[in-house]
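Working through the structure, step by step
For reference, the chains in residue letters:
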Amino acid sequence: MDFNVKKLASDAGVFFTRAVQFTEEKLGQAEKTELDAHFENLLARADSTKNWTEKILRQTEVLLQPNPSARVEEFLYEKLDRKVPSRVTNGELLAQYMLEAANDFGPGTPYGKTLIKVGETQRRLGAAERDFIHSSSINFLTPLRNFLEGDWRTISKERRILQNRRLDLDVSKARLKKAKAAEAKAAAEHELRVAQTEFDRQAEVTRLLLEGISSTHVNHLRCLHEFAESQTNYYAQCYQYMLDLQKQLGSSRGEILPGTFVGNAESTSPPSATTSPTTVAAATIPAVPTIPVVPTVVGAPNPTAAAEGTLNPNEVKPPASGTRKARVLYDYEAADSSELALLADEMITVYSLPGMDPDWLIGERGNQKGKVPVTYLELLS
C-alpha cells in the first residue's frame, strides 16, 4: 500500500490552518473575503429552492402514500436498486371484500347485488388511484428527487470547495501581512496570487451552477403542470364513477334524482333552504304515519290561506283529534309571522288542517302557534 506520509502531513496542515482561520472569523479576530451581492443572492435562491423542494417532495409522498411503513419500504427498495412490488390500493382491497361478501350472502339478494355494484365501483376507483400514483411518481416526484440527489449534490460539493478556496485566500492574506523579511514577503505574495487565482476560478464554476437554478425552476414548473393535470384527470374519473354508481343504485331503488347523490336517511345536517321539503323528507327521514286531516267545519278559518303564508295564529284552533307530539331536529328561523321559530330537541304539538300543504304542519308551543316544516320534525307516536 502506497502510504505518503508527507502528503498526509501536508493535508493535515492545510486542514488545521483552514480551521484556525474559520474560528478566528467567527470570533471576529480575522478578516473574511466577502462575496459580491449577486453571488449571495444566487446562494440564497439555491438554498430556498433546495429547502422547498424537499418539503414539497415529502408532502407529495405523504399525499400519494399516507402509510408511513409503506413509504419506508418503497424507500428501501429504491436505495437497494430493486423494483418496488406492486401494492393493492385501499379501494381495490375494499372491492375484494365486498365482492367476496356478495358471493357469501348471495349475489341474487338485494344486499348482494348492491355489494357487487359498489364493489365494482371501488375497484375502478382503486385502479384510477394506482394510475394517478404511478404518473405522479414518474412525472413529478422523480424530477424533484433527481434535482436533490444530482444537481444539488454537485452544487453543494462545489460550494464546499469554494469555501476552502476562500479560507486559503484569507490565510494567504494574513501571512502576507505578518511577513517581515523580503524573502518571506515574496513567498507570501506568490502564495496569495495562486490562492486568488484558484478562488476566482472556483467562484466562476460555482456561479454558473447557481445560475442553473433558473433552469431547474422551469423544469419543475413543467412537472407541476403535469402533476396538476394528472390529479385533475384522477378526480374527474372518480366523479364519473360515482355518478355511474349513483344511477345504478337509484334505478334499483326507483328514487334517484338527476345530478344528486343518494343521501343518508339519518343525516344530522339541516336541509338546504333552497330544497323542497318534500324532496328532503324523502331523502333524509324515514316515512312516518300521516296525521289525520280534520273535516272542514263551517265558519272555520280558511286553511288554504294559512298554507299560503296568510295564516293568523290567533284564528287557528287545534282539532279535537289528530294532534301529535313532535321533536324538533334542527333549529329553524321563522320567515314571517305566520311561521313558528324552532329550537333543536324541543317538543311541540303539531296537527294538520284541511287543504294545507302537506310539507307543513301547524305547531304549538304554549301560547305560540305557527306553520312549521315537516322536514325539521321527528313525529312521535
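Below or above, wherever it landed, is the structure these notes cover. Predicted, not measured: the structure shown is a model, and the values here were computed from it.

This part takes up the overall build of the chain. Within the chain, the regular secondary structure consists of nine helices and five strands. N-terminal to C-terminal, the α/β element order of the chain is α-α-α-α-α-α-α-α-α-β-β-β-β-β. For the chain, with 381 residues in total, the buried portion stands at 33%. A separation of at least 24 residues holds for 65% of the contacts in the chain among residues at least 6 apart in sequence. Here the chain has roughly 24,100 Å² of accessible surface; of this, 56% comes from carbon and sulfur atoms.

What follows deals with the packing of helix H4 (residues 90-105) against helix H5 (residues 110-178). For the pair H4 and H5, the least separation of the axes is 7 Å and the interaxial angle reads 160 degrees. Of the possible angle classes, the one that applies to H4 and H5 is roughly antiparallel. For the crossing formed where H4 meets H5, the hand is left-handed. Contacts from Gly-91, Glu-92, Leu-94, Ala-95, Met-98, Leu-99, Ala-101, Ala-102 and Phe-105 of H4 reach H5 at Tyr-111, Gly-112, Leu-115, Ile-116, Val-118, Gly-119, Glu-120, Gln-122, Arg-123, Gly-126, Ala-127 and Arg-130.

Here we take up helix H2 (residues 37-64). Across its 28 residues, H2 extends 40 Å between first and last C-alpha, which sits within 8% of the 40 Å expected from 1.5 Å per residue. Of all the residues in H2, the buried ones are Phe-39, Leu-42, Leu-43, Ala-46, Thr-49, Lys-50, Thr-53, Leu-57, Thr-60 and Leu-64. Its side-chain oxygen at 3.1 Å from the backbone nitrogen of His-38, Asp-36 defines the N-terminal cap of H2.

Between H2 and H5, the shortest axis-to-axis distance is 10 Å and the interhelical angle comes to 150 degrees. As the angle between them shows, H2 and H5 are arranged roughly antiparallel. Note on packing geometry: the crossing formed by H2 with H5 is left-handed. Counted by class, the contact of H2 with H5 contains 15 nonpolar, four polar and six charged residues.

Below, the discussion takes up the packing of aromatic side chains. This model, assessed by the stated rule, comprises eight aromatic pairs. With a centroid separation of 4.9 Å and an interplanar angle of 5 degrees, the aromatic rings of Phe-132 and Tyr-234 are classed as stacked. Residue Phe-132 is found in helix H5, and its partner Tyr-234 is found in helix H7 (residues 213-253); the two are separated by 102 residues along the sequence. Classification of Phe-132 by relative accessible area gives buried; the value is 7%.

Turning our eyes to something else, we now look at the nonpolar core. One finds Phe-39, Phe-140 and Leu-210 to be the most contacted residues of the largest nonpolar core, which totals 29 residues. At the level of secondary structure, the elements contributing two or more residues to this core comprise H2, H5, helix H6 (182-211) and H7. In terms of residue count, H5 provides more of this core than any other element does, twelve residues in total. Setting aside residues no more than four positions away along its own chain, Leu-210 makes contact with Phe-39, Leu-42, Leu-43, Ala-46 and Ile-155.

The final tally for this structure, using the stated rule, is 17 salt bridges. Among the salt bridges present, the one from Arg-18 reaches Asp-168, with a minimum N-O distance of 2.8 Å. Highlighted residues: Arg-18 in helix H1 (residues 5-26) and Asp-168 in helix H5, separated in sequence by 150 residues. The same class applies to Arg-18 as to Asp-168, namely buried. Taking the shortest distance from any N to any O, the salt bridge between Lys-369 and Glu-364 comes out at 3.8 Å. Shared partners join several salt bridges into a network, and the residues in it are Glu-204, Arg-207 and Glu-211.

What counts, and where the lines are drawn
Residues numbered from 1 in each chain as written. Predicted model: local features only at pLDDT ≥ 70, side-chain atom pairs only at ≥ 80, totals over all residues. Heavy atoms only, no water. Helix = DSSP H or I, 4+ residues; strand = E, 2+ residues; numbered from the N terminus. Buried < 20%, exposed > 50% of the residue type's maximum accessible area, 1.4 Å probe, protein only. Contact = heavy atoms within 4.5 Å. Areas by Shrake-Rupley, 256 points an atom, 1.4 Å probe, with all protein chains shown as cover. Axes fitted to C-alpha atoms, helices over the stretch in contact; angles between N-to-C directions. Parallel < 35°, antiparallel > 145°, perpendicular 65-115°, else oblique. Left-handed = near helix turned anticlockwise from the far one by under 90°. Expected span 1.5 Å × (residues − 1). Polar contact = N/O pair within 3.5 Å; in protein donor to acceptor, adjacent residues only side chain to side chain. Nonpolar A, V, L, I, M, F, W, Y, C, P; charged D, E, K, R; others polar. Phe/Tyr/Trp six-rings, centres within 6.5 Å; stacked < 30°, edge-to-face > 60°. Core = buried A, V, L, I, M, F, W, Y, C linked by side-chain atoms within 4.5 Å. Salt bridge = Lys/Arg side-chain N within 4 Å of Asp/Glu carboxyl O.

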